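What follows is the residue order along each chain.
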Amino acid sequence: MGRRPKVVPGVLASFEQIDAATDAIKALRAGGHRGLVVYCSHPNHELEEALETPVSPVRLFTLIGGLTGCTAAFSMTIWMNLDWPTLVGGKAIAAIPAFVVPGFELTVLLGALASVLGVILLSLLLGQRGVMYDPRFSDDRIGVFVPAGAADAPALERLFRDAGAVEVRHATP
Amino acid sequence: MAVVAQEPVITQTHADVTRDVVATLGKPSTGYVLAFFSAVGLFLAGALTLLVLLKDGLGHAGYQPPIFWSVYITTFVFWIGIGHAGTLISAILYLFRSPWRTAVYRSTEAMTVFAVMTAALFPIIHIGRQWLFYWLLPYPNQRFLWPNFKSPLVWDVFAITTYFTVSTTFLVYGLVPDVAAVRDKVGGWRKLVYRFASAGWLGTDNQWRHYSRAYLYLAALATPLVLSVHSVVSWDFASSIVPGWHGTIFAPYFVAGAIYSGIGMVLTLIIPLRRVLKLEHMITDYHFDNLAKLTLLTGSILFYAYGMEYFIAWYSGNTFEQTTFWRRAFGPYWWAGWSMIICNAFVSQLLWFKKIRVNRTSLFVISIFINIGMWFERFVIIVSSLSNDYMPWAWDQLNPTWADWGILAGSFGWFGMWFLLFARTFPIVAIQEIKEMIPLPRKRGGHH
């Protein structure tokens, strides 16, 4: 087990209603708050719109993985055939059409694995740690966490309550 | 009477979904325990058979000239075929935005992974010297040899390992948020296990942002993969010159058959499973109706393919082709030939009737026919085609032996064992995708 990450100070609100959560997010963003962490049990477009989430760069991983797979497969099959030339069925030694199948397979294989690697890297390893969490966020609640010092906490709690939060908790280091 | 099934209105809340799915992971029922130990028993029978084969060699398997591909290759193609429904439902129907896939896709994905895992054993069993299977892989070796990349058999090694890896990745990837939901509901040592398996998933906006995007790409990559795997398997046959194998129709014919058999197996599994796990309110008539329609479509494609194979055999004017097809229906393997045609082409046509599509008993019986019919289809294609080659003096028949049946039974045990273990350990219904379909409550009322 690794060391427990340092607790990020801030305020965590629980919502039961989606529009209450999006209202709070919009109000926080309008107030200049950044570094919000929003929890939900499923991907939700309304939350994404409120947060104005940019498109994930994971597609770059997919592209690079796929191209690597394709290049690796063609280079491998062509090189191996030139290294040990065998005439099969009157085909050329480097018979490109026959190598399309391994080419396709490795494109898909490395493309898929690279995408997952991208997600692991971007969302699990590089994700923010030590942010307060509540097990009900994987059930039926929506969570909005805003990093803040003790001085801002009462105002933020009021903002959350006004938006319709059912519970507000404070994270102190 | 409405022919198009209406999407049911989901009355459950998000909390209900988590509760009901987590409840499936509780104490197992007697039916489950019985099914699990029966599967273990079958697996042990298969393992024992394999031990004898390892000790004595493949002589027990009943091979005799001209037939050296028989029950093991038949069963290999059978299981690979079964493994097609999962990724079709989870990837292709995801891209098509079919709402009915959500309740059934996890179980079909799991079925896919375990079916491919089962299938992958067969080429290894079949090669005889099982401990040398790694010769198929391109690695630097003392013989300075590389595999022949112009051979469909080597393509197949790549196709199957890729398919297995990608479908396992897809299954595990989809499970992560659901495992996190289970982690937050259970206690004790189970919580520790699920915490480890959830890989730090918390459902933050940042996690979902990358996760959903990558899911889309995985689906897009898996879609051509589904269609390619059985095409490559079909080329194992079609690129040779054996009469009955050398056909351009083989790839689409095999893919349609694979999806047909896969959905057959899905039905065989989920009809009893939904009752045992008390998921009747989640997997409903709506889902069965749609699965049955997909079965009808692919069954009809098979019907067409069977007809077209006979037509081309006649129309080609090729004596060898004509003889092969004549013998499929009226030769020594007529029983296998007719089992295939009746179970696949004719039985599937019953699904034109909605009453049959939404009746669980009739669907279950039909699904058993599909499983049997699709095994026979591969038996007919492989064994009956090989039994009559170009030289009539060499024609002979093969009768499967105990070693064939033992391994076949063992494969069902091996598959069943893993599937049942999975169904009790992980959410068999995708929690987060069902939740995506249920609107969250609003303070201002109404829906988005």
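Quantities reported herein were computed from a predicted structural model and do not represent experimental measurements.

### Focus on the overall build of chain A
Summing up its helical and strand segments, chain A has five helices and four strands in all. Along the chain direction, N to C, the helices and strands of chain A fall in the order β-α-β-α-α-α-β-α-β. Taken over C-alpha atoms, the radius of gyration comes to 25 Å for chain A, far larger than the 16 Å a tight globule of 173 residues would show. Based on the C-alpha atoms only, the size of chain A along its principal axes is roughly 80 × 35 × 30 Å. Every one of the 173 residues in chain A was classed for burial, and the buried ones make up 42%. In chain A, the proportion of contacts linking residues at least 24 apart, taken out of those at least 6 apart, comes to 82%.

### A closer look at unusual backbone geometry
The omega angle of the peptide bond from Pro65 of chain B to Pro66 of chain B is 5°, so this bond is cis rather than trans. Relative to the helices and strands, Pro66 of chain B is located in the loop between helix H2 (30-56) and helix H3 (71-82). Phi at Glu52 of chain A takes a positive value of approximately 50°, unusual for a residue other than glycine. Its 9 C-beta neighbours within 10 Å are what place Glu52 of chain A among the exposed residues.

### Quick word on the environment of Trp100 of chain B
Residue and element names in this part refer to chain B. Counting through the fold element by element, Trp100 comes out in the loop between helix H4 (85-95) and helix H5 (101-126). Taking the C-alpha atoms as reference, Trp100 lies 45 Å from Leu53; in sequence the two are 47 residues apart. Ignoring anything within four residues of it in the chain, the contact list for Trp100 reads Tyr286, His287 and Asn290.

### Side note on the packing of helix H10 (residues 285-316) of chain B against helix H11 (residues 319-330) of chain B
All names here are of chain B. One way to put it is that H10 packs onto H11 with a least axis distance of 8 Å and a crossing angle of 145°. Every pair of crossing elements has a handedness; the one defined by H10 and H11 is left-handed. Of the residues in H11, those touching H10 at Glu309, Tyr310, Ala313, Trp314 and Ser316 are Glu321, Gln322 and Phe325. For the contact of H10 with H11, the residue count by class is four nonpolar, two polar and two charged.

### Considering the nonpolar core
Generally speaking, nonpolar side chains in soluble globular proteins are found buried as a group. Residues Ala24 of chain A together with Val266 of chain B are the most contacted members of the largest nonpolar core, which totals 176 residues. Ranked by residue count, the leading element in this core is helix H6 (residues 152-183) of chain B, at 16 residues. Not counting residues within four places of it along the chain, the set of residues in contact with Ala24 of chain A comprises Ala13, Val144, Leu159, Phe160, Ala163 and Ala165 of chain A.

### Some details on the environment of Trp79 of chain A
All names here are of chain A. Relative to the assigned elements, Trp79 resides in helix H3 (residues 58-83). Under the C-beta neighbour-count criterion, Trp79 is labelled exposed, with 12 such atoms within 10 Å. Residues Trp79 and Ala94, spaced 15 residues apart in sequence, show a C-alpha to C-alpha distance of 8.2 Å.

Quick notes on the rules
Residues numbered from 1 in each chain as written. Chains lettered and ligands numbered in written order. Predicted model: local features only at pLDDT ≥ 70, side-chain atom pairs only at ≥ 80, totals over all residues. Helix = DSSP H or I, 4+ residues; strand = E, 2+ residues; numbered from the N terminus. Rg over C-alpha atoms; globule rule 2.2 N^0.38 Å. Buried ≥ 20, exposed ≤ 12 C-beta atoms within 10 Å, placed from the backbone. Contact = placed C-beta atoms within 7 Å. Axes fitted to C-alpha atoms, helices over the stretch in contact; angles between N-to-C directions. Left-handed = near helix turned anticlockwise from the far one by under 90°. Nonpolar A, V, L, I, M, F, W, Y, C, P; charged D, E, K, R; others polar. Core = buried A, V, L, I, M, F, W, Y, C linked by C-beta atoms within 7 Å.

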